[in-house]
Amino acid sequence: MSICRFLKWVMLLLVIFPSLFDPSLSHFDSAKKKQMREKVRKMFYHAYENYMTHAFPHDELKPLTRSFTDSLCELGNLKLEHLPQNYNGTALTLIESLSSLVILGNYTEFERAVLWLSENLSFDVDARVNLFEGNIRVLGGLVSAHILATDSMNRLIQGSYKNQLLDLAKDLGQRFLPAFDTPTGLPYAWINLKYGLMKNETTETSTSGCGSLILEMGALSRLTGDPKYESASLRALRKLWSMRSSLNLLGTTLDVETGEWIEHSSGIGAGVDSFYEYLFKAHILFGKEDFWRMFHSAYLAVQKYFRHGPWYHEADMRTGKATYWQLTSLQAFWPGLQVLVGDIEAANSSHREFVHVWKKFGVLPERYLLDHQMVHPTEKYYPLRPELAESTFYLYQATKDPWYIEVGEAIVDSLNLYTKVEGGFASIRDVTTMQTEDHQHSFFLAETCKYLYLLFDDSFLVDRNYIFTTEGHPLPVLSAWHERLPEIYIPSNRTCVKKEKPKRASAMSLQVCPALSLNSRHGEQLVESACHIPDA
């Protein structure tokens, strides 16, 4: 090689990989991540300790008044109907915090919390709860914590834990089952923990509400050896899929008795979001090809009928015609799901638009009107949601692009500036004025802090293979849970990155266990990679 060509290669490498020649840059990135990790740690404990001091064992903290709300029976219950008279909470925020404590390395507090719940928690209460919220927050939190408590890597004192959380999860799962006793197999949205189905219960539910139960209930069946939990959730999921339109689109709300759609407009946001998420994650967790085939068809339909450039509007499930041109904060989970799928270019494109809206307001408004480029006049709030942090974490895992570290830093700074109060972290009532609201949701500790921490320190994931539920609770990908375990599932790390070109996320190829890599072309077609994806 000539000297001239050699110098050109050196210059090119300096541009592409400057840290190889300037170790201080790599050290700077490491120091920045460590600094941000400690900021997030302080955020978590500020929220957690205030909850434990002012709200525990009630459900959630009211940080402005330093009091509590028993919110499990209020979640999704906008009219606040059928509230119990003598309900004193189920330590909801503590349950939601369990896996975060492990990820932060606080095994002492984790063990203390597990033992308290083992001795004190009971679901024999006259409380009407939302099935979906109870499943993802409480059942998911208990199942995940049980798995972590029985993991020898987590240093729980030998003999102090005897599957008490699994017993609680089994009891709760049993209390959920009457909700599935319908002609269609689609579950009611509400169930009374003590008395089962209430008289004259509403038959309306959402696509997410009956299509996002398979991870937690499936895991419960695998852990207990009792198939009834997984069978009930699987029957509901398959019934829901059978109700799709000829375009492979689903509506937002439906009637569980008749199996008829109530709201035909749909998208990837509220009421539908986790349905898509659970199809793909269930394929990874349980290895069923049916889940992949459903997801593949659904994903193609989303890209074809909902996507408009980097945005995703809503459309009529019957015609595919656009209905509402709006961004909802829950849609920010989508880039993270696309990373798992391997559609990095599309994920990066949408993620940057969400970041733009976040920076415009300082946080992400619940609803933003795309056609008017303005926040929704009545849904101006930000309840400490985690979805943007979640997608940022996944994209950084996929690309190692330091830009995502900068995004995470901006999110942390915004949360500390606008939502941190003396008594915890408060929701934002109006993003245009940053007026605060007296509520610290449990998912702030279960997800928002967790994903931000993992963005800056992913050591918890080393030599482990986890899927996170829609509430951020880790479930291990185990060969014993698969009907058939393809060879591609075997690698221990959850992500392994292969750099193809020295560009940003759009030029990176992510392989995720099970290394499904799909490439988007004009948002309408997916091309199978060399990972031997089964035919749809």
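Values in this document were obtained by computation on a predicted structure and should not be read as measured data. (Residues numbered from 1 in each chain as written. Predicted model: local features only at pLDDT ≥ 70, side-chain atom pairs only at ≥ 80, totals over all residues. Heavy atoms only, no water.)

Reading across from one edge, β5-β6-β7 is the order of the three strands in this open sheet, with antiparallel pairing throughout. The two strands at the open ends of the sheet, each matched to only one other strand, are β5 (204-206) and β7 (261-263). Pairwise comparison of adjacent strand axes, ignoring direction, gives a mean angle of 35 degrees for this sheet. In terms of strand pairing, β5 meets strand β6 (residues 253-255) through three bridges, oriented antiparallel. Looking at the pairing, Thr205 lines up with Leu254 of β6. (Pairing = 2+ DSSP bridges. Helix = DSSP H or I, 4+ residues; strand = E, 2+ residues; numbered from the N terminus. Axes fitted to C-alpha atoms, helices over the stretch in contact; angles between N-to-C directions.)

Bridge analysis of strand β17 (residues 427-430) against strand β18 (residues 435-437) gives three bridges, and the strand direction is antiparallel. Opposite Ile428, over in β18, you have Thr436 as the bridge partner. Hairpin remark: β17 followed by β18, antiparallel, with four residues in the connecting loop; positive phi at Met434, about 60 degrees.

Looking now at empty space enclosed by the protein. The tally for this structure, following the rule as stated, stands at two cavities of 30 Å³ or more. There is about 30 Å³ of room inside the largest cavity. Along its surface, the largest cavity is lined by Ser329, Trp358, Leu364, Tyr382, Arg385, Pro386, Glu387 and Leu388. Within the lining of the largest cavity, the residues separate by chemical class into five nonpolar, one polar and two charged. What the second largest cavity holds in volume is close to 30 Å³. Taken together, Glu277, Lys281, Phe333, Gly336, Leu337, Leu340, Glu390 and Tyr394 make up the lining of the second largest cavity. Among the secondary structure elements, those contributing two or more residues to the lining of the second largest cavity are α11 (273-286), α13 (334-341) and α15 (387-399). (1 Å grid on protein atoms, 1.4 Å probe; cavity = no way out; pocket = protein on both sides within 12 Å on 5 of 7 lines; lining within 4 Å. Points joined across faces, edges and corners; volume = space filled by probe spheres on them. Nonpolar A, V, L, I, M, F, W, Y, C, P; charged D, E, K, R; others polar.)

Here, the residues flagged by UniProt with the feature "active site" (unreviewed entry) are Glu133, Asp273, Glu366 and Glu387. In the annotation above, Glu387 are the residues that line the largest cavity. Of note, Glu133 is situated in helix α6 (residues 131-149). Residue Glu133 is classed as buried on the basis of its relative accessible area of 16%. Not counting residues within four places of it along the chain, the set of residues in contact with Glu133 comprises Leu75 and Val138. Inspection of the secondary structure puts Asp273 in helix α11. Apart from residues lying up to four places away in sequence, Asp273 is in contact with Ser208, Ile268, Leu330 and Phe333. (UniProt positions renumbered as here; feature names shortened; annotations may be inferred. Buried < 20%, exposed > 50% of the residue type's maximum accessible area, 1.4 Å probe, protein only. Contact = heavy atoms within 4.5 Å.)

Within the secondary structure, Gln303 sits in helix α12 (residues 289-305). For the pair Gln303 and Ala346, spaced 43 residues apart in sequence, the C-alpha to C-alpha distance is 9.6 Å.

Take helix α4 (residues 92-103) next. Every α-helix winds through 3.6 residues per turn, so residues three or four apart in the chain are directed the same way. When you tally the buried positions in α4, you get 12 out of 12 residues, the bulk of the element. Immediately downstream of α4, the backbone of Gly105 shows phi near 85 degrees, a positive value.

Where α12 meets α13, the closest approach of the two axes is 13 Å, and the angle between their N-to-C directions is 130 degrees. One finds that α12 runs oblique with respect to α13. Considering the relative orientation of α12 and α13, their crossing is left-handed. In this structure, α12 uses Phe295, Tyr299, Val302 and Gln303 to contact α13, whose residues at the interface are Trp334, Leu337, Gln338 and Val341. Considering only residue class, the contact of α12 with α13 consists of six nonpolar, two polar and no charged. (Parallel < 35°, antiparallel > 145°, perpendicular 65-115°, else oblique. Left-handed = near helix turned anticlockwise from the far one by under 90°.)

Across all of its chains, the model carries 25 salt bridges by this definition. Within this structure, Arg37, Glu38, Arg41 and Asp457 form a network of salt bridges that share partners. (Salt bridge = Lys/Arg side-chain N within 4 Å of Asp/Glu carboxyl O.)

Take the packing of aromatic side chains next. Evaluation of the coordinates by the stated rule reveals 24 aromatic pairs. Taken together, a centroid distance of 6.4 Å and an interplanar angle of 65 degrees make the contact between Trp311 and Phe354 edge-to-face. Here Phe354 lies in helix α14 (residues 344-361) and Trp311 lies in strand β10 (residues 311-312), a separation of 43 residues in the sequence. Residue class for Phe354 comes out buried when judged on its relative accessible area of 5%. One aromatic cluster is present, formed by Phe275, Tyr276, Phe280, Trp292, Phe295, Tyr299, Tyr312, Phe333 and Trp334 through successive ring pairs. The lysine or arginine in question, Arg352, covers the ring of Trp403, its NZ or CZ lying 3.9 Å from the ring centre. (Phe/Tyr/Trp six-rings, centres within 6.5 Å; stacked < 30°, edge-to-face > 60°. Lys NZ or Arg CZ within 6 Å of the ring centre and 35° of its normal.)

Note that Thr448 resides in helix α17 (residues 443-456). Thr448 gets classed as buried once you look at its relative accessible area, which sits at 1%.

With 15 residues, helix α10 (residues 228-242) extends 21 Å from end C-alpha to end C-alpha; this agrees with the ideal 21 Å at 1.5 Å per step. Every buried residue of α10 is listed here: Tyr229, Glu230, Ala232, Ser233, Leu234, Ala236, Leu237, Leu240 and Trp241. (Expected span 1.5 Å × (residues − 1).)

Turning next to the sheet that holds strand β13 (residues 367-369). On the basis of which strands lie adjacent, the open sheet formed by three strands has the order β12-β13-β14 and antiparallel pairing. The two strands at the open ends of the sheet, each matched to only one other strand, are β12 (326-328) and β14 (374-375). Here β13 pairs with β14 via two bridges, running antiparallel. Considered in β14, the bridge of Leu369 is made with Met374.

To continue, consider unusual backbone geometry. As a rule of thumb, non-glycine residues mostly have phi less than zero, and peptide bonds are mostly trans rather than cis. Phe56 connects to Pro57 through a cis peptide bond whose omega is 5 degrees. Assignment of secondary structure puts Pro57 in the loop between α3 (23-54) and β1 (60-62). Although it is not a glycine, Arg66 sits at a positive phi angle of roughly 55 degrees. Assignment of secondary structure puts Arg66 in the loop between β1 and β2 (67-69). Classification of Arg66 as partly exposed rests on a relative accessible area of 35%. Of note, the phi angle at Asn163 is positive, near 65 degrees, even though the residue is not glycine. Tracing the chain through its elements places Asn163 in the loop between α6 and α7 (164-176).

One finds Phe110, Leu142, Leu165, Tyr276, Phe306, Trp334 and Leu415 to be the most contacted residues of the largest nonpolar core, which totals 161 residues. With 11 residues, the top contributor of residues to this core is α6. Discounting chain neighbours no more than four positions away, the residues touching Leu142 are Ile95, Leu121, Phe123, Leu165, Leu168 and Ala169. (Core = buried A, V, L, I, M, F, W, Y, C linked by side-chain atoms within 4.5 Å.)

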